[in-house]
Amino acid sequence: MVNSMAFNWEDGSDISESEMEDYEDKSYERLKNGSYNVKNSDETFNCPYCPKKRKRDFLYKELLQHAAGVGTCNSKKRSAKDKANHLALVKYLERELAVVPDPSEPAPGPSQLEPGALQPKPEIDPPIDLDHDELFVWPWIGIVVNIPTEFKDGRYVGGSGSKLRDELSRRGFNPVRVHPLWNYRGHSGNAVVEFHKDWPGFHNAISFDKAYDAEKHGKKDWLASNGTGSGLYAWVARADDYKSNNIVGEHLRKIGDLRTVSDIMAEEARKTSKLVSNLTSLIEDKSRHVKEMECKLNETSIALNNLMDEREKLLQAYNDELKKMELSAREHFQKIFSGHEKLKLQLESQKKELEARVQELQKREAKNESERNMLSEEIERNVIKNSSLELAALEQMKADENVMKLAEDQKKEKENLLNRIIKLEAQLDAKQALELEIERLKGSLNVMKHMGDDGDLEVLKKVEDILKDLKEKEEELDDLETLNQTLIVRERKSNDELQEARKELVNGLKEMSNRAHIGVKRMGELDDKPFHEATKRKYGAEEAEERAVELCSLWEEYLRDPAWHPFSVVTVDGNSQAVVNDKDEKLQGLKTELGDEVYKAVTTALMEINEYNPSGRYIISELWNFPEGRKATLQEGVALILRKWKTYKRKREE
């Protein structure tokens, strides 16, 4: 009854091309509503629009190809209504009855499967039901003939290759491209279909050939119709097509060659064998490289261990030397304290003797006025001397306290600096050892990664352990970096305190004479003696003084001018140093006018300012060792104060 309904329905009047889309939607709705029975069983289907067709039972793919072929054909035997019905059937099959095909069947195209449905696995082996010695055109080529054309503007035109490619893709043949063949008259009505070069492409080409042959539109059918058939005819290009003397044969000879399936299989076997050989060689090279890396890693580990042992020995020797220095300093301060105690006792003894003498003189009775006057004068002298001794004792006590405080502060600062240096060096050694350990772990990790290519589970586990150790070492390194920064900040604070002590020492020594070998030097101060000597030689004794003062003032202004920077940078033993540019115009003029001594005085002041105050360019005071011509240390300044104090003490005792 269903088929009868379909037959009577198709007997109605036909529709126009513009009405096909609406009619297709209506047919699709009738199929969804169950007006027509399409499914016979779980595996077989029928076409409700072809009741007179001998073959009533179709597989899913066969019915899909039949409906797509009728719906997209250009034959005039098929009415627009018939095409719209079959297109609706294609839509109904794809959306409502999509099934996963059997793996033994050729894979359908993407458009034949419902979205989200399981895609079949493509064929990767050549078909076994074909003659492997038959010659095909390779890359796999299909031939399509009897494409509708029309004469327009003096030449034949036809449908585009992309439209035909989409139609073939919809039917599940998956072509790469479709190339229409043109000659001097225009579109020849022929086209070649290119498939992928692999075995899935060959399967698609064979399915393409069989589908058209099953529809009686294959090569034999085309030859039997003598070119008068309707609709498209198609087949796979073989040797006779390749050798034909027409436009198709010429194009095939340009783009392909004749090859058998056996030849292609043999070539693939050769390529596979060559690939296996290359991979084997590559594995051997990688194994050899891994062994070399292991040897280098062992050598590096031994060298690192030797280096760590040597560093331990150097650190031990350095610690021993520091202990000796600390013991020597302690003994030196002990001697100073013992000397101070002895001097204090001597002053107290003298004070007691003077007090006893005063008491004895007071008990005497002067017999005459002269004796009383002498006694009074002696008493006054003793009182004055006693007062002076008390003042000296007080000064001695203050000096003792200051020296002891200064020595104690110096001792504490020295101990703090030594402890911080030891901590920093220990921290640096730990950091370097940790970095070496991290590098060793990274080297081991690289070796394990190369070894891990073989899929060894034990190697992979070692790699995971090394990664874990590496992460812990890196975290430990970050902690050491934080501690190191804290120690650096403390060291800077101590250096600031030492600089403040140095400034106080410089301010105190400014008031003392510079005859000592340790004193205060004004860095950047211009020496005026060479100017006086040069002006005497050039202008005479009368104008020399005035000229010298003018020139000194002028060059002092030059020295303070930040815009004047007569320096150049040179490299000495790999280090960059700033030196005076002897080609500077002002300096050359000075040397020519006043001589080498004045030039030397100006360049000396320039170098001092550039070294000690390049930004401000003003004179600063510095603790200086005059005999050696260098900056004096804080220890040398303290030693000078102690020597002067001892000298003053001896003078007071005399």
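In this text, all values refer to a predicted model and were calculated from it rather than measured experimentally.

Q: Is there a simple way to explain the confidence of the model for the protein chain in this structure?
A: Of all residues in the protein chain, 81% attain a pLDDT of 70 or more, and the chain-wide mean is 78. Long-range and interchain partners of residues 1-11, a stretch whose pLDDT sits below 50, account for 21 contacts in this model, where long-range means more than four residues apart. Contacts of residues 100-123 to residues separated by more than four positions or lying in other chains number 41 contacts, the stretch itself having pLDDT below 50.

Q: Would you mind showing me how to read helix H14 (residues 541-560) here?
A: Since one α-helical turn is 3.6 residues long, residues separated by three or four positions face the same way. Between the first and last C-alpha of H14 there are 29 Å, a value that for 20 residues agrees with the 28 Å anticipated at 1.5 Å per step. Within H14, the full set of buried residues consists of Ala544, Ala548, Leu551, Cys552, Trp555 and Leu559. Considering only its buried residues, H14 is in contact with helix H13 (529-539), helix H15 (585-594) and helix H16 (596-612).

Q: Got a minute to help me understand the side chain of Glu622 in this structure?
A: With respect to the helices and strands, Glu622 occurs in strand E12 (residues 620-625). Here Glu622 is in contact with Arg502, Val506, Gly519, Val520, Lys521, Met523, Tyr612 and Lys631, once residues within four sequence places are set aside.

Q: Sorry if this is basic, but what is going on with the sheet that holds E12 here?
A: The strands making up a sheet are joined through hydrogen bonds of the backbone, oriented either antiparallel or parallel. Reading across the sheet, the 3 strands line up as E9-E12-E13 and stay open at both edges, with antiparallel pairing between neighbours. A strand with exactly one partner marks an edge of an open sheet, and here the two such strands are strand E9 (518-523) and strand E13 (630-631). Two elements, E12 and E13, share 2 bridges in a ladder whose sense is antiparallel. Looking across to E13, one finds that Trp624 is bridged to Lys631.

Q: Any chance you could explain the packing of aromatic side chains here in plain terms?
A: Centre-to-centre distance and the angle between the planes together describe a pair of aromatic rings. Per the stated rule, a full pass over the model turns up 15 aromatic pairs. For the pair Trp140 and Phe202, a centre-to-centre distance of 4.3 Å together with 45° between the ring planes defines the contact as tilted. Taken together, the residues span a long stretch of sequence, with Trp140 in the loop between strand E1 (135-138) and strand E2 (141-145) and Phe202 in helix H6 (residues 199-214) at a distance of 62 residues. Phe202 shares its class with Trp140; the two are buried. With a relative accessible area of 0%, Phe202 lands in the buried category. Grouped by ring-pair contacts, the aromatic residues Phe136, Trp140, Trp199 and Phe202 constitute a single cluster. If you follow Arg547 out to its NZ or CZ, it ends over the ring of Tyr539, 4.5 Å from the centre. In this structure, Lys591 packs its charged tip against the face of Tyr599, placed 5.0 Å from the ring centre.

Parameters and conventions
Residues numbered from 1 in each chain as written. Predicted model: local features only at pLDDT ≥ 70, side-chain atom pairs only at ≥ 80, totals over all residues. Heavy atoms only, no water. pLDDT = per-residue confidence, 0-100. Contact = heavy atoms within 4.5 Å. Helix = DSSP H or I, 4+ residues; strand = E, 2+ residues; numbered from the N terminus. Expected span 1.5 Å × (residues − 1). Buried < 20%, exposed > 50% of the residue type's maximum accessible area, 1.4 Å probe, protein only. Pairing = 2+ DSSP bridges. Phe/Tyr/Trp six-rings, centres within 6.5 Å; stacked < 30°, edge-to-face > 60°. Lys NZ or Arg CZ within 6 Å of the ring centre and 35° of its normal.

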